[in-house]
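Here are the chains, one letter per residue:
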Amino acid sequence: MKSKIKGFMDLVKQRNPHEPEFLQAVEEVAETVIPYIVNNEIYNGKNVLLRMVEPERVLMFRVPWIDDNGEVVVNRGYRIQMNSAIGPYKGGLRFHPSVNLSILKFLAFEQVFKNALTTLPMGGGKGGSDFDPKGKSDEEIMRFCHSFMAELSRHIGSHTDIPAGDIGVGAREIGFLFGMYKKMRNEFTGVLTGKGISWGGSLIRPEATGYGTVYFAQSMLETRGDSLKDKTVVVSGSGNVAQYACEKATQLGAKVVTLSDSSGFIFDNEGIDTAKLAFVMELKNIKRGRISEYIKKYPKAKYIEGKTPWGIKCEVAMPCATQNEVNGEDAKMLLSNGCFVISEGANMPSKPEAVTAFQSAKILYAPGKASNAGGVATSGLEMSQNSLRINWSREEVDEKLKKIMSDIHDACIEFGKNENGYIDYVRGANIAGFVKVADAMLAQGVV
Ligand code: NDP
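It should be emphasised that the depicted structure is a prediction, and the values quoted were computed from it without experimental measurement.

Caption draft 1: Representation of the nonpolar core. The biggest cluster of nonpolar side chains holds 61 residues, and the ones touching the most others in it are Phe 216, Met 318 and Ile 408. Ranked by residue count, the leading element in this core is helix H7 (residues 205-222), at 8 residues. Discounting chain neighbours no more than four positions away, the residues touching Ile 408 are Leu 117, Thr 118, Phe 216, Ala 370 and Ala 373. In this structure, Leu 23, Val 48, Ala 108 and Ala 116 belong to the second largest nonpolar core, which totals 43 residues.

What follows is the structure, given as structure tokens:
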């Protein structure tokens, strides 16, 4: 089996030599899915996984815009249309200086499996730009978004490809992007998700990724007759996903003690309660400040510059910032401090050595493609509401989100439970996602 996996990976490496994040994501899937393929005649010998690692289409384009000093700036825009076997391409847009083809291809690849897990008819895609929104005025953000959409609008549509937000793309950016799409195409359709409530958005969409990550942690704990109540939780990031993970964990009786950004983290031993979280939301979403400012308002908390929060003692950890933010040493620290639940809000936040450490220790470990699928699932619910031209209530959307997260958890058990009872959520998520997409691809022939 090892040589089969190696042979497959050698080919993928040869074709994508400078794409470490993409290769990392593919390898994790190959290690669990290839043994399944070999043991299941209907998939064996059809090169389905080989087809799945090749994007259906990669778009790369120039995004010129004018800054507040009148200078012309040029960024690079991308959209990876990875797989449309079970529905139109769906996945977020990331605006961050680190964005490149490797990062977007890894995200698009993960998205294919994640979207399949949601049970909704959505294919996988991802896009974005190396544009850095930090420190830009609202007008600069608008000019950039308009230029980006002037090109992207040719390639997307409510039945073709429906982007959403991700790092650096929130409600403000979705608004500017939607405005330009509507102007260029002269149509008001659900072409983007994460829209404002008064113009086609869904209640609970902003909360959905963070809430879903917490619901998934709760489901995992229930398999051991436990719950989040009175647990100490370490969260990284302080953006959209981190904020709502913190909110829902607190509502379920846990104490969240950290938040972070790329400069450092805050540690509040008394817990980040509702009032403190409201301060963070205003700081990050409206004032666009840094998490270090938290200690000016709450001086009992500490700010630790240049570090990640994984050395803080906790039972539950939720990495909600970015890929590869938990390394092998971090994993060791978490485990030695008694952490036994990891629910990933971010995409691929744990490096392979960290994943191995969590699995060897037999803790409850959920990969992002399962635990953070609540965001795209609720985007799917936003699409349904747009098509039906109706709005569901907060309670209705939240109930559907809970049900979807619980179904994803069940699917992970179906394909990931070992004979000794341990649930391998990585294998479970990868195979459950693969089966759905592979069946559709086989039914549609070689296209
Ligand atoms: P936001 O832009 O709202 O927040 C990102 C947060 O992560 C910020 O606090 C940011 O800090 C921090 N961060 C970003 N890059 C780094 C880095 N290289 N090192 C350390 N910290 C970093 O993004 P989201 O909350 O939307 O996304 C967070 C993660 O969740 C991403 O992995 C994303 O792919 C994933 N995700 C998001 C979904 C969504 O619905 N939004 C859905 C599913 C997954 P700083 O401000 O300093 O950059």
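Caption draft 2: Fine view of the packing of aromatic side chains. Tallied over the entire structure, the rule returns 22 aromatic pairs. Relative to Phe 109, the ring of Phe 22 has its centre 6.0 Å away and its plane inclined at 85 degrees; by these criteria the two rings are edge-to-face. In this pair, Phe 22 sits in helix H2 (residues 20-38) while Phe 109 sits in helix H4 (residues 101-117), placing the two residues 87 residues apart along the sequence. Residue classification places Phe 109 among the buried residues on the basis of a relative accessible area of 1%. With a centroid separation of 5.7 Å and an interplanar angle of 70 degrees, the aromatic rings of Phe 216 and Tyr 425 are classed as edge-to-face. One end of the pair, Phe 216, is in helix H7; the other, Tyr 425, is in helix H16 (residues 425-444), with 209 residues separating them in the sequence. Just as Phe 216 is buried, Tyr 425 falls in that class too. An aromatic cluster is defined as three or more aromatic residues linked by ring pairs; in this entry it consists of Phe 61, Trp 65, Phe 95, Phe 131, Phe 144 and Phe 148.

Caption draft 3: Molecular detail of the sheet that holds strand S10 (residues 316-318). Taken together, 7 strands build an open sheet; the order of strands is S9-S8-S7-S6-S10-S11-S12 and the sheet is mixed. Only two strands of the sheet have a single partner each, and these edge strands are strand S9 (302-305) and strand S12 (364-366). Each adjacent strand pair in this sheet contributes to an overall mean axis angle of 15 degrees, direction not counted. Across 3 bridges, the pairing between strand S6 (residues 232-235) and S10 is parallel. Paired with Val 234 across the strands is Ala 317, a residue of S10.

Caption draft 4: Expanded view of the packing of H7 against helix H8 (residues 240-251). Contact geometry for H7 and H8: axes closest at 7 Å, N-to-C directions at 50 degrees. Classified by the angle between their axes, H7 and H8 sit oblique to one another. In this structure, the crossing between H7 and H8 has a hand that is right-handed. Contact residues: Pro 206, Glu 207, Thr 209, Gly 210, Tyr 211, Val 214 and Tyr 215 in H7; Asn 240, Val 241, Tyr 244, Ala 245, Glu 247, Lys 248, Ala 249 and Gln 251 in H8.

Caption draft 5: Here's a closer look at H7. Taking 1.5 Å per residue, 18 residues should reach 26 Å; H7 reaches 25 Å between its end C-alpha atoms and fits that length. If you look at H7, its biggest bend is around 30 degrees, right at Tyr 211. For H7, the tally of buried residues reaches 16 of 18 residues, placing the bulk of the element in the interior.

Caption draft 6: Highlighting the sheet that holds strand S3 (residues 89-95). What the 5 strands build is an open sheet, ordered S1-S2-S4-S3-S5; its pairing is mixed. Single-partner strands in this sheet number two, and they are strand S1 (57-66) and strand S5 (161-164). If you compare each strand with its neighbour and ignore which way they point, the axes differ by 20 degrees on average. As paired elements, S1 and strand S2 (residues 72-83) share 10 bridges and run antiparallel to each other.

Caption draft 7: Summary view of the environment of Ser 153. Topologically, Ser 153 is positioned in the loop between helix H5 (138-152) and S5. The exposure class of Ser 153 is buried, given its relative accessible area of 2%. It is 7.4 Å that separates the C-alpha atoms of Ser 153 and Met 184, two residues lying 31 residues apart in sequence. For Ser 153, the residues in contact, after removing those within four places along its chain, are Tyr 181, Met 184 and Arg 185.

The rules we used
Once a new chain begins, its residue numbering starts again from 1 and follows that chain's sequence as written. Under the rules for a predicted model, residues below a pLDDT of 70 receive no local features and side-chain atom pairs below 80 are neither given nor counted, while totals for whole chains, interfaces and linings still include all residues. Each side-chain value is worked out from all heavy atoms of the structure, with water and hydrogens disregarded. Nonpolar cores were defined as sets of buried Ala, Val, Leu, Ile, Met, Phe, Trp, Tyr and Cys residues, with membership established by side-chain atoms within 4.5 Å. For every residue, the accessible area obtained with a 1.4 Å probe (protein chains only) is divided by the maximum for its type, and the residue is called buried under 20%, exposed over 50%, and partly exposed between those limits. Only DSSP runs of H or I reaching four residues or more are called helices, and only runs of E reaching two or more are called strands; each is numbered from the N terminus. The contact criterion used throughout is that any non-hydrogen atoms of two residues lie within 4.5 Å. The criterion for an aromatic pair is that two Phe, Tyr or Trp rings (for Trp, the six-membered ring) have centres within 6.5 Å, with stacked assigned to planes under 30 degrees apart, edge-to-face to planes over 60 apart and tilted to the rest. Pairing between strands is defined by DSSP: at least two bridges between them are needed. Axes here refer to lines fitted to C-alpha atoms; in helices the fit is confined to the stretch in contact. Angles between the N-to-C directions go from 0 to 180 degrees. The cut-offs work like this: below 35 degrees is roughly parallel, past 145 is roughly antiparallel, 65 to 115 is roughly perpendicular, and the gaps in between are oblique. The crossing is said to be left-handed when, going from far helix to near helix, the turn is anticlockwise and less than a right angle, and right-handed when the turn is clockwise. Each residue after the first adds 1.5 Å to the expected span of a helix. Bend at a given residue is defined as the angle between two axes, one fitted to the seven residues that end at that position and one fitted to the seven that begin there.

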